[in-house]
Amino acid sequence: MTAVFVAPIIPADFPELKLLAWNRYAARPIPAEEAFELYERNWRFVDAEHLTTREAKLIRELTRVFGNGVLLIS
């Protein structure tokens, strides 16, 4: 398995991720893979119509790196 090094993500910098990380200190960085898992597990709570351009780009990049191009949502 190849290690992927992606910079930690600060939930407070991304409005929808901040909401998903409600039970954490939003200013504390979390591993990028953990951020991806939060989006994937809790997508039903994400208001996709209000994603900022920056956050949408983050989700695309996390999906490329950790989801092999697929975000498993329903």
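Above this note sits the structure.
In short, a report on the structure. (Residues numbered from 1 in each chain as written. Predicted model: local features only at pLDDT ≥ 70, side-chain atom pairs only at ≥ 80, totals over all residues. Heavy atoms only, no water.)

### Details of helix α2 (residues 32–41)
Right, on to step 1. Those residues of α2 lying buried are A32, A35, F36, L38 and Y39. Along α2, the residues classed as buried sweep out an arc of 160° about the axis, all on the same side. (Buried < 20%, exposed > 50% of the residue type's maximum accessible area, 1.4 Å probe, protein only. Helix = DSSP H or I, 4+ residues; strand = E, 2+ residues; numbered from the N terminus. Arc of directions from axis to C-beta.)

### Details of the nonpolar core
Right, on to step 1. Counting residues in hydrophobic clusters, the biggest one holds 16 residues, and the most contacted among them are I9, F14, L17, A35, Y39, L58 and L62.
Right, on to step 2. Only α1 (15–20), α2 and α3 (53–66) provide two or more residues apiece to this core.
Right, on to step 3. The greatest single-element share of this core, amounting to five residues, is contributed by α2.
Right, on to step 4. Discounting chain neighbours no more than four positions away, the residues touching I9 are F14, L17, R28, P29, I30, A32, A35, L58 and L62. (Core = buried A, V, L, I, M, F, W, Y, C linked by side-chain atoms within 4.5 Å. Contact = heavy atoms within 4.5 Å.)

### Quick look at the environment of A12
Right, on to step 1. Inspection of the secondary structure puts A12 in the segment before α1.
Right, on to step 2. Residue classification places A12 among the partly exposed positions, given a relative accessible area of 38%.
Right, on to step 3. Along the primary structure A12 and V70 are separated by 58 residues, whereas in three dimensions their C-alpha atoms are 25 Å apart.
Right, on to step 4. Setting aside residues up to four positions removed in sequence, A12 forms contacts with K18, A26 and A27.

### As for the pattern of salt bridges
Right, on to step 1. Per the counting criterion, the structure on display carries two salt bridges.
Right, on to step 2. Between E34 and R24 there is a salt bridge whose closest N-O contact spans 2.1 Å. Of this pair, E34 sits in helix α2 while R24 sits in the loop between α1 and α2; the two residues are 10 residues apart in sequence, bridging distant segments of the chain.
Right, on to step 3. One salt bridge in this structure joins E61 and R64, with 2.5 Å as the shortest N-O distance. (Salt bridge = Lys/Arg side-chain N within 4 Å of Asp/Glu carboxyl O.)

No statement about biological role is implied by the geometric values presented.
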